[in-house]
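These are the residues of each chain, in order.
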Amino acid sequence: MRSAQFVSLVAIVTLQAVGVSVLTGIWTFQFFNGQGIDFVSSVSLLLVMVAFSGWLIGTTVGLRNRRRWALSSSVVIQIMGVILGLAAIPQNLLLGWLILGPAIIALVILLSRNIGKQISEKN
């Protein structure tokens, strides 16, 4: 049985994966149009974003399929989201809270008592 917590968690991680994938696509477009400042920095950032997009998509699929490893992967992703959100708040308040808010909600869900059992049980 899927609880509201589990559905909310999958929805948040899915939206994060879509957001990072769209952002990666925008940066890829800008990279190939020559709008980057430094070539090495642009390539490095692009590779990190592609890897992070793949990690988020894999975690989303793992959560949807109720794989136990997706729980720990989601916790790490949400901790990174909290760190990035807190770092972004001084420069852009709206962007910082768009990153920080869902990460905190997902982290609270992930650290709740019964979510681990819900993720690992098959129906």
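The residue count restarts for each chain, going from 1 along the sequence in the order it is written. Thresholds applied to this predicted model are a pLDDT of at least 70 for local features of residues and 80 or more for the giving and counting of side-chain atom pairs; totals over whole chains, interfaces and linings are not thresholded and use all residues. To get the side-chain values, all heavy atoms of the structure are used, and hydrogens and water are removed first.

Student: In this structure, what is going on with the overall build of the chain? I would like to understand it.
Tutor: Numbering of helices and strands runs from the N terminus, with a helix taken as a DSSP run of H or I at least four residues long and a strand as a DSSP run of E at least two residues long. For the chain, the count of helices and strands is 5 helices and 0 strands. C-alpha extents for the chain along the principal axes are approximately 50 × 30 × 15 Å. Only protein chains enter the area calculation, which uses a 1.4 Å probe; residues under 20% of their type maximum are buried, those over 50% are exposed, and those in between are partly exposed. When the 123 residues of the chain are sorted by exposure, 36% land in the buried category. Throughout, a contact is declared for two residues whenever any of their heavy atoms are within 4.5 Å. Across the chain, the fraction of contacts at a sequence separation of at least 24, relative to all contacts at a separation of at least 6, is 66%. A total accessible area of about 7,600 Å² is found for the chain, and carbon and sulfur atoms account for 73% of it. For the accessible areas, the method is Shrake-Rupley and the probe is 1.4 Å, while residue cover comes only from the protein chains on display.

Student: Explanation requested: a nonpolar patch on the surface in the structure shown.
Tutor: For patch building, the residue pool is restricted to those with more than 30% relative accessible area and no salt bridge; the joining distance is 9 Å between like charges and 5 Å between nonpolar side chains (Val, Leu, Ile, Met, Phe, Trp, Tyr). In what follows, salt bridge is the name for a side-chain nitrogen of Lys or Arg lying within 4 Å of a carboxyl oxygen of Asp or Glu. A surface patch of nonpolar side chains, about 420 Å² in accessible area, is lined by Leu93, Trp97, Ile104 and Val108. Along the polypeptide, Trp97 turns up in helix H4 (residues 93-110).

Student: Explain the nonpolar core here, please?
Tutor: Inside soluble globular proteins, nonpolar side chains tend to come together where they are buried. As used in this record, nonpolar core signifies buried Ala, Val, Leu, Ile, Met, Phe, Trp, Tyr and Cys residues forming a set joined through side-chain atoms within 4.5 Å. In this structure, Leu9, Leu56, Leu63, Ile115 and Ile119 are the most contacted members of the largest nonpolar core, which totals 24 residues. With 7 residues, the single largest contributor to this core is helix H1 (residues 4-32). Setting aside its immediate chain neighbours within four residues, Leu56 contacts Val13, Gln16, Ala17, Val20 and Ile77.

Student: Would you mind showing me how to read the environment of Asn65 here?
Tutor: The topology assignment puts Asn65 in the loop between helix H2 (39-64) and helix H3 (69-88). Relative accessible area serves as the criterion here: at 27%, Asn65 is assigned to the partly exposed category. With 54 residues separating them in the primary sequence, Asn65 and Ile119 have C-alpha atoms 8.3 Å apart.

Student: Would you take a moment to explain the packing of H2 against H3 for this structure?
Tutor: Geometrically, a packed helix pair is captured by the angle between its two axes and the distance between the axes. Between H2 and H3, the least distance of the axes is 9 Å, while the angle of their chain directions is 135 degrees. It follows that H2 is oblique to H3 by the angle criterion. At the point where H2 passes H3, the crossing takes the left-handed sense. In contact with Phe52, Trp55, Leu56, Gly58, Thr59, Gly62 and Leu63 of H2, H3 contributes Trp69, Ala70, Ser73, Ser74, Val76, Ile77 and Met80. Classes in brief: Ala, Val, Leu, Ile, Met, Phe, Trp, Tyr, Cys and Pro nonpolar; Asp, Glu, Lys and Arg charged; the others, Gly included, polar. Residue composition of the contact of H2 with H3, grouped by class: 9 nonpolar, 5 polar and no charged. Axis lines are fitted to C-alpha atoms, over the contacting stretch for helices. Their N-to-C directions set the angle, which ranges from 0 to 180 degrees. Here is the rule for angles: anything less than 35 degrees is roughly parallel, anything more than 145 is roughly antiparallel, 65 through 115 is roughly perpendicular, and the remaining ranges are oblique. Crossing handedness is read from the near helix: turned anticlockwise from the far helix by less than a right angle, it gives a left-handed crossing, and turned clockwise, a right-handed one.

Student: Help me understand the environment of Leu71, please; the structure alone is not making it clear to me.
Tutor: Mapped onto the fold, Leu71 is located in helix H3. Overall, Leu71 belongs to the buried group, its relative accessible area being 15%. A sequence separation of 44 residues divides Leu71 from Ile115, and the C-alpha atoms of the two residues are 8.7 Å apart.

Student: What is the right way to read the packing of H1 against H4 from this model?
Tutor: For the pair H1 and H4, the least separation of the axes is 10 Å and the interaxial angle reads 145 degrees. The chirality of how H1 crosses H4 is left-handed. Two secondary-structure elements touch here, H1 through Gln5, Ser8, Leu9, Ile12 and Gln16 and H4 through Pro102, Ala103, Ile105, Ala106, Ile109 and Leu110. Class assignment for the residues of the contact of H1 with H4 results in 8 nonpolar, 3 polar and no charged.

These results come straight from atomic positions and should not be treated as a statement about function.
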